[in-house]
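As a plain string of letters, each chain reads:
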Amino acid sequence: MSPVRFAIVGAGMMGREHIRNLKLVDEAKIVALVDPVEASVKAALAEIGDGAGGVSAHTDIASMMAEARPDAVIVASPNFTHRTVLEPLMASGVHILCEKPLATTITDARWIADSAANRSGVFWTAMEYRFMAPAAKFITAVHSGEVGRLVMLTVREHRFPFLHKVGDWNRFSRNTGGTMVEKCCHFFDLMRLIARAEPVRVFCSGGMDVNHLDEVYGGERPDIMDNAFTTVEFDNGVRAMLDLSMFAEGSEEQEALTAVGDEAKLEVFIPSGALIRSPRTPLWAPKSSRREHVPVDAKALAAGTHHGSVYYQLLAFMDAIKGAGPVVVTAEDGLRAVAAGTAAEISARERRVVEMAELGF
Ligand SMILES: NC(=O)c1ccc[n+]([C@@H]2O[C@H](COP(=O)([O-])OP(=O)(O)OC[C@H]3O[C@@H](n4cnc5c(N)ncnc54)[C@H](O)[C@@H]3O)[C@@H](O)[C@H]2O)c1
């Protein structure tokens, strides 16, 4: 098969992580970059290394599409640009992988999902947490009945504060959708996937209590949450909870997923990859937990900061392009994750339960 020719839109932190991982994929070739900031383009070309001579750099989508004629485009520009970037791409048959969140508003995400449903090329919403090997194994185990009937699901992320981005776009909810959309769309996506159900109502208690308090940009203070508890009720009775702290960079385990069913509890920890199944036992009887370790390909781990997931996701995207596999994360999945995140943002702001029906879901 001739190589799949990729263009990268947005050559910042995530665009460059895609570049490092594409270099590990045999049938992928990077042919073009789109980014208005010269420093980002330079850094991306350096990342491409040997093959950079054949890569064209552009400041707009139209010239890139006309000159480079890529087979596939990775959209890794800031959240608030996704819809504008996608508009000309949607009109073509090019295969698209768009970074999460699909958009900053339900209206834009719905436009993207509707457009994706009416075109020929693959459209894939990037949701890396699904492709972290320990998370993937956990999901398969829950779906194969290892906890019995799933009743309770928790996602914990205790991590470092938001990093600094090009032009500081991620300090304001209007650019990101707010923390519950920007970051937590991953977790609402995981919840939907694991529960195999849709959210009905959301309650989020959160705020910006530790990070960014002394930061000012153009006279304006950031307005993004740095911690929250969010509960989500699903239409099949599963209840889920997200525990987010972004001032817990000292944590040994950054993420933990826990599923409790009527037969057993299953938990997985990232980065250690410890997966523990604890069946229910009669009171006072000895516990009988089973512990295993989920390995991650070392070259995938080294190519980024997302526990190897970008590599595994790109392999699945390539399969979808070749018709050898399904579109694992659709635009509709991206829309639903934005919707749940938006509900959580409204809930935290207005201090009330938000029904998904209020938002049209
Ligand atoms: N899946 C994940 O875990 C994950 C992690 C980080 C970022 N992301 C997503 O990736 C995207 C990029 O984030 P980042 O961390 O790389 O940000 P960044 O600020 O490091 O990089 C963004 C780049 O896009 C460029 N840009 C701005 N407007 C553009 C436009 N209209 N067209 C093309 N390029 C444009 C900027 O100059 C910059 O170089 C965001 O949507 C973000 O949410 C996902």
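Treat the numbers as computed from the prediction; the structure is a model and nothing was measured.

Positionally, Asn79 belongs in the loop between strand S4 (72-75) and helix H4 (82-90). For the pair Asn79 and His186, spaced 107 residues apart in sequence, the C-alpha separation works out to 14 Å. When residues no more than four places from it in sequence are discounted, the contact partners of Asn79 are Lys100, Pro101, Ala103, Thr104, Trp169, Asn175, Thr176 and Glu182. At 3.1 Å, the side chain of Asn79 forms a polar contact with the backbone oxygen of Thr176.

Looking at the largest pocket, its volume works out to about 1100 Å³. Forming the walls of the largest pocket are 48 residues, and the residues nearest its centre are Met13, Met14, Lys165, Trp169 and Glu182. Listing elements by their share of the lining of the largest pocket, those giving two or more residues are helix H1 (13-22) and H4. When grouped by side-chain class, the residues that make up the lining of the largest pocket number 20 nonpolar, 16 polar and 12 charged. Per-domain counts for the lining of the largest pocket show at least three residues from each of domain 1 (4-127) and domain 2 (129-305 + 328-359). Its boundaries defined by the atoms lining it, the second largest pocket holds a volume of some 160 Å³. If you list the elements that add at least two residues to the lining of the second largest pocket, you get strand S7 (150-158), strand S8 (199-207), strand S9 (227-234) and strand S10 (239-245). For the lining of the second largest pocket, the residue count by class is 8 nonpolar, 2 polar and 3 charged.

Another point: the sheet that holds strand S5 (residues 95-99). Read from one edge of the open sheet, 6 strands run S3-S2-S1-S4-S5-S6, paired in parallel fashion. For this open sheet the edge positions go to strand S3 (56-58) and strand S6 (123-126), each flanked by a neighbour on one side alone. Sheet twist, expressed as the average angle between the axes of neighbouring strands with direction ignored, equals 25 degrees. Relative to strand S2 (residues 28-34), strand S1 (residues 4-9) runs parallel, the two being bridged by 6 bridges. Across the sheet, residue Phe6 finds its bridge partner in S2, namely Ile30.

What follows concerns the packing of helix H9 (residues 185-195) against helix H12 (residues 331-350). Relative to each other, H9 and H12 sit at 115 degrees, their axes nearing to 8 Å. Accordingly, the angle class assigned to the pair H9 and H12 is roughly perpendicular. Between H9 and H12 lies a crossing whose hand is right-handed. Contact residues: Cys185, Phe188, Asp189 and Arg192 in H9; Asp333, Arg336, Ala337, Ala340, Gly341 and Ala344 in H12. Looking at the contact of H9 with H12 residue by residue, the classes come out as 5 nonpolar, 1 polar and 4 charged.

What follows is about the site of the ligand. Around the ligand lies a shell of 26 residues, among which Asp35, Ser40, Asn79, Glu128 and Lys165 are the nearest. In the environment of the ligand, an oxygen atom lies 2.7 Å from a nitrogen or oxygen atom belonging to the backbone of Met14. Within the side chain of Trp169, a nitrogen or oxygen atom sits 2.8 Å from an oxygen atom of the ligand. Coverage of the ligand by the protein chains reaches 89% of its 840 Å² of free accessible surface. Of the pockets mapped on this structure, the ligand occupies the largest pocket. Lining the shell around the ligand are residues from two domains, each supplying at least three of them: domain 1 (4-127) and domain 2 (129-305 + 328-359).

Before going further, it helps to spend a moment on the packing of aromatic side chains. Using the criterion set out here, one finds 6 aromatic pairs in the structure. When the ring of Phe172 is compared with that of Tyr217, the centres are 6.0 Å apart and the planes differ by 85 degrees; the resulting orientation is edge-to-face. On the criterion of sequence distance, the pair formed by Phe172 in the loop between S7 and helix H7 (173-176) and Tyr217 in the loop between S8 and S9 is long-range, its members being 45 residues apart. Take Phe172 and Tyr217: they sit in the same class, and that class is buried. When the ring centre of Phe160 is taken as origin, the NZ or CZ atom of Arg159, which lies over that ring, is 4.0 Å away.

This brings us to the domain arrangement of the chain. Segmentation of the chain into domains returns domain 1 (4-127) and domain 2 (129-305 + 328-359). Placing the centre of domain 1 and that of domain 2 at their C-alpha centroids yields a distance of 26 Å. Taken together, the contacts link 26 residues of domain 1 with 33 residues of domain 2. Taken together, the two surfaces of domain 1 and domain 2 that pack against each other cover about 2400 Å², and 67% of this comes from carbon and sulfur. Counting the contacts that link domain 1 with domain 2 gives 1 salt bridge.

Before going further, it helps to spend a moment on the packing of H4 against helix H5 (residues 106-117). Their axes nearest at 11 Å, the elements H4 and H5 cross at an angle of 15 degrees. Classed by the angle they form, the pair H4 and H5 counts as roughly parallel. Note on packing geometry: the crossing formed by H4 with H5 is left-handed. Here H4 contributes Arg83, Leu86, Glu87 and Met90 to the contact with H5, which in turn contributes Thr107, Asp108, Trp111, Ile112, Ser115 and Ala116. Looking at the contact of H4 with H5, its residues break down into 5 nonpolar, 2 polar and 3 charged.

Calculation rules
- Residues numbered from 1 in each chain as written.
- Predicted model: local features only at pLDDT ≥ 70, side-chain atom pairs only at ≥ 80, totals over all residues.
- Heavy atoms only, no water.
- Helix = DSSP H or I, 4+ residues; strand = E, 2+ residues; numbered from the N terminus.
- Contact = heavy atoms within 4.5 Å.
- Polar contact = N/O pair within 3.5 Å; in protein donor to acceptor, adjacent residues only side chain to side chain.
- 1 Å grid on protein atoms, 1.4 Å probe; cavity = no way out; pocket = protein on both sides within 12 Å on 5 of 7 lines; lining within 4 Å.
- Points joined across faces, edges and corners; volume = space filled by probe spheres on them.
- Nonpolar A, V, L, I, M, F, W, Y, C, P; charged D, E, K, R; others polar.
- Domains from an automatic or database assignment.
- Pairing = 2+ DSSP bridges.
- Axes fitted to C-alpha atoms, helices over the stretch in contact; angles between N-to-C directions.
- Parallel < 35°, antiparallel > 145°, perpendicular 65-115°, else oblique.
- Left-handed = near helix turned anticlockwise from the far one by under 90°.
- Near = heavy atom within 4 Å.
- Areas by Shrake-Rupley, 256 points an atom, 1.4 Å probe, with all protein chains shown as cover.
- Sits in = over half its atoms within 2 Å of the grid points.
- Phe/Tyr/Trp six-rings, centres within 6.5 Å; stacked < 30°, edge-to-face > 60°.
- Buried < 20%, exposed > 50% of the residue type's maximum accessible area, 1.4 Å probe, protein only.
- Lys NZ or Arg CZ within 6 Å of the ring centre and 35° of its normal.
- Buried area = accessible area lost by both parts, 1.4 Å probe.
- Salt bridge = Lys/Arg side-chain N within 4 Å of Asp/Glu carboxyl O.

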